[in-house]
Each structure stands twice: as C-alpha cells, then as structure tokens.
Amino acid sequence: MAQSDHSQAMGTALVYHEAMTEARLLWEDPECEIESPERLTTALECLQQRGLEQRCLRLTAQEASEAELGLVHSPEYVALMRRTQALGMGELQELSGQYDAIYFHPSTFRCARLAAGAGLQLVDAVLTGAVHNGLALVRPPGHHSQRAAANGFCVFNNVAIAAKHAQQKHGLHRILIVDWDVHHGQGIQYIFEDDPGVLYFSWHRYEHGRFWPYLRESNADAVGQGQGRGFTVNLPWNQVGMGNADYVAAFLHVLLPVAFEFDPELVLVAAGFDSAIGDPEGQMQATPECFAHLTQLLQVLAGGRVCAMLEGGYHLESLSQSVCMMVQALLGDPAPPLSGPMVPHHSALESIQSVRAAQAPHWTSLQQQGPAPIPTPSTHSPEGGPFSLLPGGSELKTAAAQAATALSSLLDQLRLRPTPPVRTAVALTSLGAGLVLPADVLHEEGSAPQEETQAWARLHKALAKDEALTTLGKVLYLLDGILDGQMSSGIAATPAPAAAATLDVAIRRGLSQGDQRVLCVAVGQLDRPSDLADDGRNLWLNIRGKEAAALSTFHVSVPLPETTGGFLNCVLALVLPLAYGFQPDLVLLALGPAHGLQDPQAALLAALLRVPAGGGVLALVDVESTPRLAEVLARVLHGEAPPSLGPFSVASPEDTQALMYLRGQLEPHWKMLQVAAPASVL
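Residues numbered from 1 in each chain as written. Predicted model: local features only at pLDDT ≥ 70, side-chain atom pairs only at ≥ 80, totals over all residues. Heavy atoms only, no water.

### Quick notes on the nonpolar core
Argument step 1. Counting 193 residues, the largest nonpolar core has Leu 137, Trp 180, Phe 251, Leu 268 and Leu 605 as its most contacted members.
Argument step 2. With 27 residues, the next largest nonpolar core counts Leu 483, Ala 522, Leu 532 and Leu 586 among its residues. (Core = buried A, V, L, I, M, F, W, Y, C linked by side-chain atoms within 4.5 Å. Buried < 20%, exposed > 50% of the residue type's maximum accessible area, 1.4 Å probe, protein only.)

### Let's talk about the environment of Arg 663
Argument step 1. Along the chain, the position of Arg 663 falls in helix α19 (residues 653–666).
Argument step 2. Taking the C-alpha atoms as reference points, Arg 663 and Leu 459, 204 residues apart in sequence, are found 35 Å from one another. (Helix = DSSP H or I, 4+ residues; strand = E, 2+ residues; numbered from the N terminus.)

### Topic: the packing of helix α8 (residues 244–262) against helix α16 (residues 564–582)
Argument step 1. In the contact formed by α8 and α16, the axes pass within 10 Å of each other and the chain directions differ by 160 degrees. On the basis of their axis angle, the class for α8 and α16 is roughly antiparallel. Considering how the two elements wind past one another, α8 and α16 form a crossing that is right-handed. Two secondary-structure elements touch here, α8 through Val 248, Leu 252, His 253, Leu 256, Pro 257 and Phe 260 and α16 through Leu 568, Leu 572, Ala 573, Leu 576, Pro 577 and Tyr 580.
Argument step 2. Here the residues of the contact of α8 with α16 are counted per class, giving 11 nonpolar, 1 polar and no charged. (Axes fitted to C-alpha atoms, helices over the stretch in contact; angles between N-to-C directions. Parallel < 35°, antiparallel > 145°, perpendicular 65-115°, else oblique. Left-handed = near helix turned anticlockwise from the far one by under 90°. Contact = heavy atoms within 4.5 Å. Nonpolar A, V, L, I, M, F, W, Y, C, P; charged D, E, K, R; others polar.)

### Focus: the sheet that holds strand β4 (residues 175–179)
Argument step 1. Taking strand neighbours across the sheet as the criterion, the 8 strands line up as β2-β1-β3-β8-β7-β4-β5-β6 in an open arrangement whose pairing is parallel. On the outer flanks of this sheet lie β2 (57–60) and β6 (232–237), each paired with one strand and no other. Across the sheet, the mean angle separating the axes of adjacent strands is 15 degrees when strand polarity is ignored.
Argument step 2. Relative to strand β5 (residues 198–205), β4 runs parallel, the two being bridged by 5 bridges. From the neighbouring strand, Val 178 faces β5, where its bridge partner is Phe 201.
Argument step 3. Where helix α1 (residues 38–49) meets the sheet, its contacts fall on β1 (12–16), β2 and β8 (306–310), and the angle it forms with β1 comes to roughly 145 degrees.
Argument step 4. Here helix α10 (residues 316–330) sits on the sheet and contacts β1, β3 (133–136), β7 (266–271) and β8; the angle it forms with β3, its principal contact strand, is near 160 degrees. (Pairing = 2+ DSSP bridges.)

### Considering the packing of aromatic side chains
Argument step 1. Per the stated rule, a full pass over the model turns up 20 aromatic pairs.
Argument step 2. Ring centres of Phe 153 and Tyr 314 lie 5.7 Å apart, and the angle between their planes is 75 degrees; this geometry places the pair in the edge-to-face category. Highlighted residues: Phe 153 in the loop between β3 and α6 (158–170) and Tyr 314 in the loop between β8 and α10, separated in sequence by 161 residues. A single burial state applies to Phe 153 and to Tyr 314, both of which are buried.
Argument step 3. When the ring of Phe 582 is compared with that of Trp 670, the centres are 6.2 Å apart and the planes differ by 70 degrees; the resulting orientation is edge-to-face. Here Trp 670 lies in the segment after α19 and Phe 582 lies in helix α16, a separation of 88 residues in the sequence. As far as the burial class goes, Phe 582 and Trp 670 line up, both buried.
Argument step 4. An aromatic cluster is defined as three or more aromatic residues linked by ring pairs; in this entry it consists of Trp 180, Phe 201, Trp 203, Trp 237, Tyr 247, Phe 251, Phe 273 and Phe 291. (Phe/Tyr/Trp six-rings, centres within 6.5 Å; stacked < 30°, edge-to-face > 60°.)

### Quick look at the pairing of β8
Argument step 1. Among the 5 residues in β8, 5 count as buried, and that is most of the element.
Argument step 2. On β8, burial covers both faces: Val 306, Ala 308 and Leu 310 on one face and Cys 307 and Met 309 on the other are all buried.
Argument step 3. Inspection of the sheet shows β3 paired to β8 by 3 bridges, in the parallel sense. Looking across to β8, one finds that Leu 135 is bridged to Ala 308.

### As for helix α4 (residues 89–96)
Argument step 1. Looking at α4, one finds that the buried residues are Leu 92, Leu 95 and Ser 96. Around the axis of α4, the buried residues are gathered within 100 degrees of arc, so they sit on the same side. Exposed side chains of α4 directed beyond 90 degrees from the buried face belong to Gly 90 and Glu 94.
Argument step 2. Among the structural elements, α3 (75–83) are those in contact with the buried residues of α4. (Arc of directions from axis to C-beta.)

### Let's talk about the environment of Ala 348
Argument step 1. Here Ala 348 shows up in helix α11 (residues 346–359).
Argument step 2. In this structure the C-alpha to C-alpha distance between Ala 348 and Trp 237, which are 111 residues apart in sequence, comes to 6.6 Å.

### Topic: the sheet that holds strand β11 (residues 487–494)
Argument step 1. Spatially, the 9 strands line up as an open sheet ordered β10-β9-β11-β17-β16-β12-β13-β15-β14, and their pairing is mixed. Edge strands, defined here as strands with exactly one partner in the open sheet, are β10 (442–443) and β14 (549–552).
Argument step 2. In this structure, β14 lies alongside strand β15 (residues 555–558), joined through 3 bridges in antiparallel fashion. Bridge assignment links Ala 549 to a residue of β15, and that residue is Ser 557.
Argument step 3. Relative to strand β13 (residues 538–543), α16 is tilted by about 170 degrees, and along the sheet it contacts β12 (518–523), β13 and β15.
Argument step 4. Taken strand by strand, helix α17 (residues 599–609) contacts β12, β13, β16 (586–591) and β17 (617–622), and its axis lies near 170 degrees from that of β16.

### Points about the side chain of Asp 480
Argument step 1. Along the chain, the position of Asp 480 falls in helix α14 (residues 466–483).
Argument step 2. In this structure, Asp 480 is in contact with Glu 452 and Arg 509, ignoring residues within four places of it in sequence.

### Quick word on the pattern of salt bridges
Argument step 1. Counted according to the given criterion, the structure contains 20 salt bridges.
Argument step 2. The partner of Glu 38 in a salt bridge is Arg 24, and the shortest N-O contact between them spans 4.0 Å. Of this pair, Glu 38 sits in helix α1 while Arg 24 sits in the loop between β1 and α1, and the two are 14 residues apart along the sequence.
Argument step 3. Judged by relative accessible area, Glu 38 falls into the partly exposed class, the value being 33%.
Argument step 4. Owing to a relative accessible area of 37%, Arg 24 belongs among the partly exposed residues under this scheme. (Salt bridge = Lys/Arg side-chain N within 4 Å of Asp/Glu carboxyl O.)

### What to know about the pairing of β13
Argument step 1. Where burial is concerned, most of β13 is hidden: 6 out of the 6 residues are buried.
Argument step 2. Neither face of β13 is exposed, since Asn 538, Trp 540 and Asn 542 on one face and Leu 539, Leu 541 and Ile 543 on the opposite face are all buried.
Argument step 3. With 6 bridges joining them, β12 and β13 adopt parallel strand pairing. The residue bridging Cys 520 from the neighbouring strand is Trp 540, located in β13.
Argument step 4. Pairing analysis gives 4 bridges linking β13 to β15, with the strands arranged parallel. Its bridge partner being in β15, Ile 543 is matched across the sheet by Val 558.

### Re the confidence of the model for the chain
Argument step 1. Looking at the chain as a whole, the pLDDT averages 91, with 90% of positions reaching at least 70.
Argument step 2. Below pLDDT 50 for its whole length, residues 1–9 participates in 26 contacts with residues either more than four positions away or in separate chains. (pLDDT = per-residue confidence, 0-100.)

Printed below as a string of structure tokens:
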C-alpha cells in the first residue's frame, strides 16, 4: 500500500523564537514562579520528538512594532514597558508589585514584542494563503493584558492585537476568538465588548466569582456592551474537575451553534492549556487528546483558517502533550479517541444552561430548542461537600499523581495507536475520472480476496451482479484497511440497486471483529437491516427518515431538515452528541439514492463525524453522485476544511419540533444530548 507523503505538511505554520525564553523570575514569588521559560522549551522538545515540528512551516518570530502594539495598548503603557529594559532588579520588583500577578525582567519588553509579533506573522501567513493554519508558541501570554495594564503574567494582548490587525490590515469583518484557557481572558473581553465584528467565547474556572480574577463580568450574563451585545459569550465553570465530556458539550451546545450563525472569516484561539489535566491552576480533568478534538471542531469554521496562540499551561508534561495534540490536529491527522465516559457533570450542564439562556435573545440558533430557564446554581460538589477553592498540599499532590497516571496511560495508548500511514483512500471506479485530490490521497485499486467477497455477497441477491460484486470487494478492502489501522478513512461508490445490501455487509464486517462499535449514518432511501442485532454495538441513525422516531436506543430516524439552520441543529444537537456518547470505532456514512444533501452539507457531516471517530470513516456514495461530491468528501476526510454552507437560515418549526421530540426520547440514555441540568430529586 502506498505511504502518505504528507504533501500538506507545510499547510501548518509554527512560529517561535528562542529569545522568548530569556525572561524569568528574578526573586521569590510563589504566585509567579510557574510562568517559566521551560513552558516553551518543553513544548518545543515534545513537538520535535514526535516529528511534528518537522512537518510544519517554521517561522522565526519578529518583534511587533510599537505602532502595532498601539492597536490595543496606550502609548504611555508601551513606553513604560520599554523602560523596563533599563531597570535594576529592585525597580523591576517594585513596578511588578503595582500590577496583579506580574513580574518583569530586563528581557520582558523584547519577549512580549516577539510574542505579539508572532501572532501577527501567523495571521498574515494564514490570510495571504501561505499556510492553512498554525500555532504561535509564545510567552509571555496575553489574554489578561488590558489597554494600559499588565495582568496575570500578560504584558501585551497577543490575540487582541492579532484581531485588530486582521480587521485593519486585511479588512476582516467577522473574527471568532475562542479562549479555552482556564482563566477568564478579561483583557480580550474589555477590548472587544462593544465590537460586533469580534465574537469572543471564553470558558473559565469561576466558582461563582471566587476564583481569580474574581470578576462579576466573567459570569454568563456578561454578554457585551452596546452594539457588541451578544458577541461576548462567557461560560463559567463553577466546579473543578471538568473533563472531556464537559468541554465537548460546551462546544456542541454553545460555541458551535453561535459560531456557525456568526460565520467567521478567521478563528483565533487563545490556547491556554491550564484547562488540561494535572494543571495546578485549573484542577480540571480534560486529557490532552481532547484539545485535538476541539481543534478539529473549530477547523470546520472559516475555511479552516485557525490561528492559535499559546496562553497558560503550567504542568509541563500536560502542557507539552496538549500542544502536540493541537498541532497534530492542525496538520490534519486524526484525533485519538477520547477516554472516559462521555457524561457531562451536573454543574457543567448548569453552566451550559445559564449561558444558553443569557445568549438566546441574541442568537437564533439558541432559540430553537425551547426556552432554557436560568438554573439555580449548585453550591456543593457532587459528593455533597463544600467547594475547596484553594487546594491544600495533599490535595495538590493527589491531583498531580492522578494526572501523571492519566498522562502515562495516554502516552501508552498513542504508542499502541500510531497515525495510519495512509490518511484517506478512494475506490471510486467511474466517479474517479477528473477528480482533483490531494497528492497523498491514495487511489486504491485493491480488492478483498474473491472467496471472501463471494461469501459476503451470498447474503444478498442484489450483490450477485458483476458491478455490485466488484464494488463489494473494494468496500471490504477499504474496510479492512481502516480496521487494521493501515488507513484512516475511505470512500467507495456503490451502485444504487446494491446500496442497501453493500451497507449491510459493511456493518456486519465491521462488527465481526468482536469489540468494535459501528455507527451508521444513513442518508437517503436506506432502511436498517431488519435482522441487525440491537445489542448496543451498532447505532443506526437515518437522516431523511419519514418521521422523527427513536425506535430503540440504538435506532433513530430523523427527517432531513430543509434549511441550513435546521441542518446545523440536527448535526450539532443530535448527530454529534450521539456519536460522542456512542464512541464508535468506525463510522459508516452512507449517502444512498435520493439522499438530498447538497455537497457542502455532506462535506460538513463527514468532517464532523471524522472527529469522534478518530478519523475512522468509510463513506459510501451513490455511483450516480457527482464527481464533485466524491472530491469534496475525500478532501474533508483527509483533514481539509469543508466549504461554507452559505447564508444561515432559520430552522422550520417542523424540524425544530422533530429535534426536540427526539432529544426528549433519547436524553435518558445519551447524556451528551443534554443542554440543561436535570432537576434535582429530593
């Protein structure tokens, strides 16, 4: 089998400069000592050891000019920071004490200019088409910094400067900023709170205002000012211990619906990894691979133009592994499966419910699943004890030990599950002519052994004809390659008379390896095989069903929505939560006869299903489909961004009612469908 040549490797930029490691703490300060140069060197070493740095376009950061810093900061503040270069240690310590959680060093001004400049270079590279996406590996961080004040280790607001630059130099009108650092980026919020051209989303440890920076305006009801109302989205975490399910639920039920409606031209990520497991600041439980999932979910927006800039992250191993996961996702590699049960915490659902209620007046996409009452927040942990706002030494050691165990387990999993040598293979016969595909998409000529193909074909008369038999052999060959880890995903064209039979065989072959879980998303005139066991190992979801029906926990049918808003609701609020809850080993995406999807809709569905499946998607398309559909599916399964759905249009009342009905039926089993905390049982 041909190996992938990673011809897209230069599609991701990595911006760095070793001089950003020069600033360091010169005196004793337990609060500030965690912001160390090792944060950068450890992350870079991990990228090098994993072979990821070599696959990126390496850009050497250049210092932002004082005029560029002035896009956000006052001239007086910039001048004050410039003067720190000549101060002695006592003067630096005295000046540091005038700000909250800050230390200065004679190299701070240069480091901070390099950090801001790295973000500008990255945005320029992405918006000029030199690269698809990238990461600026920088320090000091920036998202707490304000117009005339350093704050929380931050000197210049790197992400905010990059956003202003994109607006003024590149003429962008809609920029999404996603801040997944565990602290609220109040600096970014203050800068853009009245600007409807910048949508700022932040989740952060809040604990009802009892966690730094202790701001009332970090809560869910702070939605922006003036024309910017609705363009600040705060999701406060009121308990520690939030994990993979909570983060994914926040994306599916808050961020992504609003982001699709906003339709950004660029996505900036304030990429703080103190929200990952093991970090002493965050005390959260999200594992590093979760950040690969979050990154890939963002890559379906803005044509994949994603620019990430490092913010926090203070557990060196957790930080470096999370950075590697993000870069791997930016490069287009499939994300490793998420570990642990996909059940959001009660407190997380309360937060999601609160932010949806606060934002519903501003976003149509959040109004279409019924009004969300503002919950009465919990004030106790799930175990019934009061919050521990500041962990004691023993608690911190316990959390660190748990993190070390989890990270060790993750690394073992990654060694056992290397990236497949071939990302995507296609077997398209008549559809293959004239396709323009990435160079490392494999045009697969192979077929399963004739005896094996004929044995499976005996299950259905429709597979006896030569064309159907030939197609089945190719489908089985692709399927075996995916299941064996030799390829990540595949596409095959099936003749209409044999579409249902081919899909049935593919399901059974996928289930024949014992512990495999197979998700089948069937679009069009395809019925679930009547004798397929309803044993929890396969989940059948039919889109374009005659009516909304949950025939069992693992057999769901929904009509194809008529509008972009309805389609997005269906995918984000039903299909993806089911997929994440089911945690499939394989996804079969079958676009059968009269499937009714437009090419961008099919591409988005495939791109999003690729994420929870860890890349393991086999798409079966009707042989009568256009070559353009096969081409766009191959590109998104290979890791490219899907084309835009076009203007957002509101879901019809019928589609909204169907979705709400299904969610009500399925929520008791599929907890990822929940958008509100269940009422407490006394």
